[in-house]
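Observations on the model geometry
What follows is each chain in one-letter form.
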Amino acid sequence: MPKVSVVMPAYNAVSFLEESVQSLLKQSFADWELLLVDDCSKDQTADLAKKLSRLDVRINFIQKDKNSGSADTRNTGIKLAKGEYIAFLDADDLWEPNFLESMVDFMDKKKSPFSFASYRIIDEFGVEFCEPFMVKNTQYSYKDLLYYNRVGLLTAMYHVPSVGKKYFDPSLKSLRDDYALWLDILRGGKIAYGNSNIMAKYRVRRGAATSNKKKVMIAHFRMLKNREKLPVLYAIFLTFVHGLKGIRKYRNLKSAH
């Protein structure tokens, strides 16, 4: 049984998939498996994924029968995962070489059911264009995460024996489904631990960083009101706070050197 199961959904990701898988292959920590799940890509992603799976016996390629979105695709990987820990790496994101070693050691020492770390923000060319998104070396409760979601999916890791297998909610249509999962993990009084070390690189198109905020904020509000059963005014307040912090996150441009 591997220590860590890494779940990677892929859809039309041929441009970045190999680089992302290589960032896993370069890990200083070797006791992992990769569940690489193709969501019926229309480009050559599946062919590339098959090729990459032949590079290492730890890479398991799964081809879905029909396209159903990132939440269901990640769930396919989670169902097959055998690891003590489950982590998530999207097909265009990158981990630092010591990510798994550092996070496993951190979580083992803290006896943490759920942890996450700081990360850099890069564009489609790999250029870092914002200041890193930092989390504090501290504990985070359900209420802390309600106020602001500090968890970057690419740095999140949960301990299966502590919380059971937790799944994404496909009904959220891949909008705020990751946030809903973190709240699910912490809802029963569990505590998350933040790791302030910068451990990953989150890739986002510069134009997409602050676009479509209205759609995301509506999804955020509905998730808090309908799924978390929060009072309407409280859900509106929390959505407003998230929106402001989200805009600030991408406006924090790096200074020219």
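The following paragraphs examine the structure supplied in this document. Going along each chain's sequence as written, the residues are numbered from 1 onward. For this predicted model, a pLDDT threshold of at least 70 governs which residues receive local features, and a threshold of 80 or more governs which side-chain atom pairs are given and counted, while totals over whole chains, interfaces and linings are taken from all residues. For the side-chain quantities, the full set of heavy atoms in the structure was used; hydrogens and water were omitted.

Our focus in this paragraph is the side chain of Asp184. Residue position: Asp184 is located in helix α7 (residues 177–186). A residue is classified by how much of its surface remains accessible, and Asp184, at 16% relative accessible area, is buried. A distance of 2.9 Å separates a polar atom in the side chain of Asp184 from a polar atom in the side chain of Arg187. Side-chain polar atoms of Asp184 contact the side chain of Arg227, separated by 2.9 Å. Each helix is a run of DSSP H or I of at least 4 residues and each strand a run of E of at least 2, with the numbering of both proceeding from the N terminus. Working definition: with a 1.4 Å probe on protein chains only, accessible area under 20% of the residue-type maximum means buried, over 50% means exposed, and in between means partly exposed. In protein, a polar contact requires one atom able to donate a hydrogen and another able to accept it; more generally it is a pair of N or O atoms within 3.5 Å, and residues adjacent in sequence count only if both atoms are side-chain atoms.

Our focus in this paragraph is the environment of Val6. Structurally, Val6 can be placed in strand β1 (residues 4–10). Only heavy atoms matter for contacts: two residues are in contact if any of them lie within 4.5 Å across the pair. Those residues in contact with Val6, other than ones at most four positions away along the chain, are Leu24, Glu33, Leu34, Leu35, Ala87, Leu89 and Trp95.

All right, on to the pairing of β1 then. Burial within β1 is extensive, with 7 of its 7 residues counted as buried. Neither face of β1 is left uncovered, since the one carrying Val4, Val6, Met8 and Ala10 and the one carrying Ser5, Val7 and Pro9 both have all their residues buried. Across 7 bridges, the pairing between β1 and strand β2 (residues 32–38) is parallel. Residue pairing in the sheet places Ser5 in a bridge with Glu33 of β2. The definition of a right-handed crossover adopted here requires that, viewed with the strands pointing away, the path from the first strand over the helix to the second runs clockwise. The parallel pair β1 and β2, bridged by helix α1 (residues 17–25), forms a crossover whose chirality is right-handed. We call two strands paired when DSSP finds no fewer than two bridges between them. Looking at chain direction, β1 and strand β4 (residues 85–88) are connected through 4 bridges and run parallel. Across the sheet, Ser5 pairs through a bridge with Ile86, a residue of β4.

Without a salt bridge and with relative accessible area above 30%, a residue can belong to a patch; like charges are then joined within 9 Å and nonpolar side chains (Val, Leu, Ile, Met, Phe, Trp, Tyr) within 5 Å. Residue-level accessible areas treat just the shown protein chains as cover; the underlying method is Shrake-Rupley with a 1.4 Å probe. For salt bridges, the criterion is a side-chain nitrogen of Lys or Arg within 4 Å of an Asp or Glu carboxyl oxygen. Taken together, the side chains of Tyr147, Tyr234 and Phe237 present a nonpolar region at the surface, about 290 Å² in accessible area. With respect to the helices and strands, the residue Tyr234 is situated in helix α9 (residues 232–251). On the basis of relative accessible area, Tyr234 is assigned to the partly exposed category, the value being 37%.

With that settled, consider helix α8 (residues 213–227). Given a rise of 1.5 Å per residue, 15 residues ought to cover 21 Å, and the 20 Å separating the end C-alpha atoms of α8 matches this to within 8%. Backbone geometry just downstream of α8 places Lys229 in the positive-phi region, at approximately 60 degrees. What a helix should span is 1.5 Å times the count of its residues minus one.

As a further point, take the packing of α1 against helix α2 (residues 45–53). Between N-to-C directions, angles span 0 to 180 degrees; the directions come from axes that are lines fitted to C-alpha atoms, helices contributing only their stretch in contact. The contact between α1 and α2 brings their axes to 10 Å, and the two run at 25 degrees. Comparing the axis directions of α1 and α2 gives the class roughly parallel. At the point where α1 passes α2, the crossing takes the right-handed sense. For the pair formed by α1 and α2, the contact residues are Leu17, Glu18 and Val21 on the first element and Thr45, Leu48, Ala49 and Leu52 on the second. Across the contact of α1 with α2, the residue classes tally to 5 nonpolar, 1 polar and 1 charged. These descriptions rest on fixed angle ranges, namely under 35 degrees for roughly parallel, over 145 for roughly antiparallel, 65 to 115 for roughly perpendicular, and the rest for oblique. Handedness of each helix crossing follows the sense of rotation of the near helix against the far helix: counterclockwise by less than a right angle gives left-handed, clockwise gives right-handed. Throughout this entry, Asp, Glu, Lys and Arg are counted as charged residues, while Ala, Val, Leu, Ile, Met, Phe, Trp, Tyr, Cys and Pro are counted as nonpolar. The remaining residues, Gly among them, count as polar.

So, about the side chain of Ser112. Mapped onto the elements of the fold, Ser112 is located in the loop between α4 (99–110) and β6 (114–122). The buried category is assigned to Ser112, whose relative accessible area is 1%. Within the structure, the side chain of Ser112 is placed 2.8 Å from the backbone oxygen of Phe114, a separation counted as a polar contact. Excluding residues within four positions of it along the chain, Ser112 makes contact with Met107, His159, Ile191 and Tyr193.

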